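# Summary of the model geometry
Okay, here's what each chain looks like letter by letter:
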Amino acid sequence: MSHHGTPQADRVLIVGAGIVGASCAYELTRRGYAITVIEGGRPGGGATAACMGHVVVMDDSEAQFALGHYSQRLWDELSDRLPGSVERDLCGTLWVAEDDEEMAAVHAKHAFYTERGVKVEILDAPALRRAEPELRPDLLGALRVPGDSVVYPPTAVDFMLSEAVRHAREHGVDFELVCGTPVERLSSHWVALRDGRRLEGDWVVVSAGRGALDLLPEALPGHAIRPRKGHLVITDRRPGFCRHQLVELGYLKSAHSSGDSSVAFNLQPRATGQMLLGSSRQFGRDTAEVELDIVHKMVDRGRHFLPRLGELQAVRIWAGFRPATDDHLPLVGPVPGHETLLLAAGHEGLGITTSLGTARLIADRVSGVDPEIDPTPYLPSRPGADHG
Ligand SMILES: Cc1cc2nc3c(=O)[nH]c(=O)nc-3n(C[C@H](O)[C@H](O)[C@H](O)COP(=O)(O)OP(=O)(O)OC[C@H]3O[C@@H](n4cnc5c(N)ncnc54)[C@H](O)[C@@H]3O)c2cc1C
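What you see is a predicted model; the values in this text were computed from it and never measured. (Residues numbered from 1 in each chain as written. Predicted model: local features only at pLDDT ≥ 70, side-chain atom pairs only at ≥ 80, totals over all residues.)

## A few points about the overall build of the chain
In terms of helices and strands, the chain carries eight helices and 19 strands. In terms of overall dimensions, the chain is globule-like: its C-alpha atoms have a radius of gyration of 21 Å, near the 21 Å expected for 388 residues. Relative to its full complement of 388 residues, the chain shows a buried share of 48%. The long-range share in the chain, meaning contacts at least 24 apart out of those at least 6 apart in sequence, stands at 74%. (Helix = DSSP H or I, 4+ residues; strand = E, 2+ residues; numbered from the N terminus. Rg over C-alpha atoms; globule rule 2.2 N^0.38 Å. Buried ≥ 20, exposed ≤ 12 C-beta atoms within 10 Å, placed from the backbone. Contact = placed C-beta atoms within 7 Å.)

Given below as C-alpha cells:
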C-alpha cells in the first residue's frame, strides 16, 4: 500500500470520531502514525455531545479504578495545553451522604481512595454546609475528591483532532478525516464505506461507540454494547450556586442497578455559570426523545438536595445513550483472532474520563510498547455474558 508521508509510517484507520476515536487519533499521530478517521456523522456528535464531561475516578472495581486513575493523570498532564473552549474546571466532586448507611459508604470510599494514592477528604455536616451552602442543611457529610474535574467534551474532540493534524504535520505523515459516510463493513486491513469507497490500512481501530459491535457481527460472541439512555437538563446562569460536582451516594445504586430505569441526583457547575443536572439511566429505549416523567423525577431529586434549585430556569433538556457493556468495563484491544483489528468501545458513563487511557492502551498495542497499566481486564477476549 502507498503512504503519502514518511514511507515507513503505518496507517491506522479509525472508525468513529467521538471522544474515544479522537483521543486515539491524537495519541497515534503523536507517535508518528498516518491516520484516516472515518466518522459517519459529525465528530463528537454521538454520546460525546450528549454527556456531562465529569472526569471522575470511580471505585466500582479495581479495573475501572485503574483506567480512571490513569486517565485522570493524563487529563491533568494535558490541562495546560487545553484551550479555554474546553472549559476545564478542577472543581472536584462531593459525594453527599443523607443517612448513616451513606456516611459509612463515605468512610469506605475514603479508605479505598487513600490506599490507592488518591487525595480525598471527609467533610462533616458543618464543613459540607460551608463548602456548599445551597445543599439541604440536614445532610450528614460528604467525601470530597478535589482532583476530579470537568471538561466540555465536544470542544475536547475538536482539540484532539486539531492536535492530530499538528502532530501529523510535524511527523510528515498523512492525517485525513472522512465525515458523513458510515463504514458498512470492515476487516483487519480495510474498511468499506456506504458510498462504495474502500480504504486500506495496517491497523483498524473501531471506536464507533454504541455502533461498534454492529460492525463486528459474530466476532465477539457473548459481548454486547447496549444503549443506556440518560437525560440532562441545563439551567440559566447562576454562578456560584454550587462549586463542586455534587453526586448523591445513592447514585452508585442507580449506576449499578441493571433494572430498566433509575434516577439519581448529580449536579455540575459549568464554566458559563450554568448548572447541568443529571441523571437518569434507562435500558430498552431506542429514541433520544425527552421523557418528561423522567425529567420531573430528576428535578424532584435535585430539589430534594438543593431546595432552591427550582428557582433556576431550565434552558435545554436532552437525552443521549451511554454505550454499556455487561460488566461495565470497556472493550479495548484486539478482536480475538484479528491482531490488527482493535476495539475501543463500550465506555458506558465514563468514556470522557477514560478516553485518554484507552487511547494510550490502543497506541501501545499498535507500537508494541508495554502499557503503563495492565490491559488484561479490558481485552475483548475476556468472557462475555453470552447473549446467545
Ligand atoms: C447523559 C450522559 C451523561 C454522561 N456523563 C459522563 C460524564 O460525566 N463523564 C464521563 O466520563 N462520561 C459520561 N458519559 C459517557 C460518555 O458520553 C461516553 O462514554 C463517551 O462519549 C463514549 O465515547 P465514544 O467515542 O465511545 O462514543 P461516541 O461519542 O458515541 O462516538 C462514536 C462515534 O462513532 C460514529 N459511528 C458509529 N458507527 C459508525 C460507523 N458505522 N461508521 C462511521 N462512524 C460511526 C458515531 O457517529 C459517533 O460519532 C455520559 C453519557 C451520557 C449519555
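## Description of the site of the ligand
Residues in contact with the ligand amount to 43 residues; listed here are only the nearest, Gly16, Gly18, Gly46, Gly209 and Gly351. For the shell around the ligand, the elements supplying multiple residues, two or more each, are helix H1 (19-30), strand S2 (34-39), strand S13 (226-237), strand S16 (274-282), strand S17 (314-324) and helix H8 (351-367). Among the elements that line the shell around the ligand, the one with the most residues is S17, at four residues. Here the residues of the shell around the ligand are counted per class, giving 19 nonpolar, 21 polar and three charged. (Near = placed C-beta within 6 Å. Nonpolar A, V, L, I, M, F, W, Y, C, P; charged D, E, K, R; others polar.)

## Points about the sheet that holds strand S9 (residues 183-186)
Sheet architecture is open: three strands sit in the order S9-S10-S11, paired in antiparallel fashion. A single partner strand is all that each edge strand has here, and the edge strands are S9 and strand S11 (198-200). When the angles between neighbouring strand axes are averaged without regard to direction, this sheet yields 25°. (Pairing = 2+ DSSP bridges. Axes fitted to C-alpha atoms, helices over the stretch in contact; angles between N-to-C directions.)

## Let's talk about the pairing of S2
Of all six residues in S2, six are buried, a share of seventy percent or more. Here S2 shows two buried faces, one formed by Ala34, Thr36 and Ile38 and the other by Ile35, Val37 and Glu39. As judged from the five bridges shared by strand S1 (residues 11-15) and S2, these two strands associate in the parallel manner. Bridge pairing in S2 links Val12 to Ile35. Crossover connection from S1 via H1 to parallel S2: handedness right-handed. Relative to strand S8 (residues 175-179), S2 runs parallel, the two being bridged by five bridges. Bridging from a neighbouring strand, Val37 pairs with Leu177 of S8. (Right-handed = clockwise from strand over helix to strand, strands pointing away.)

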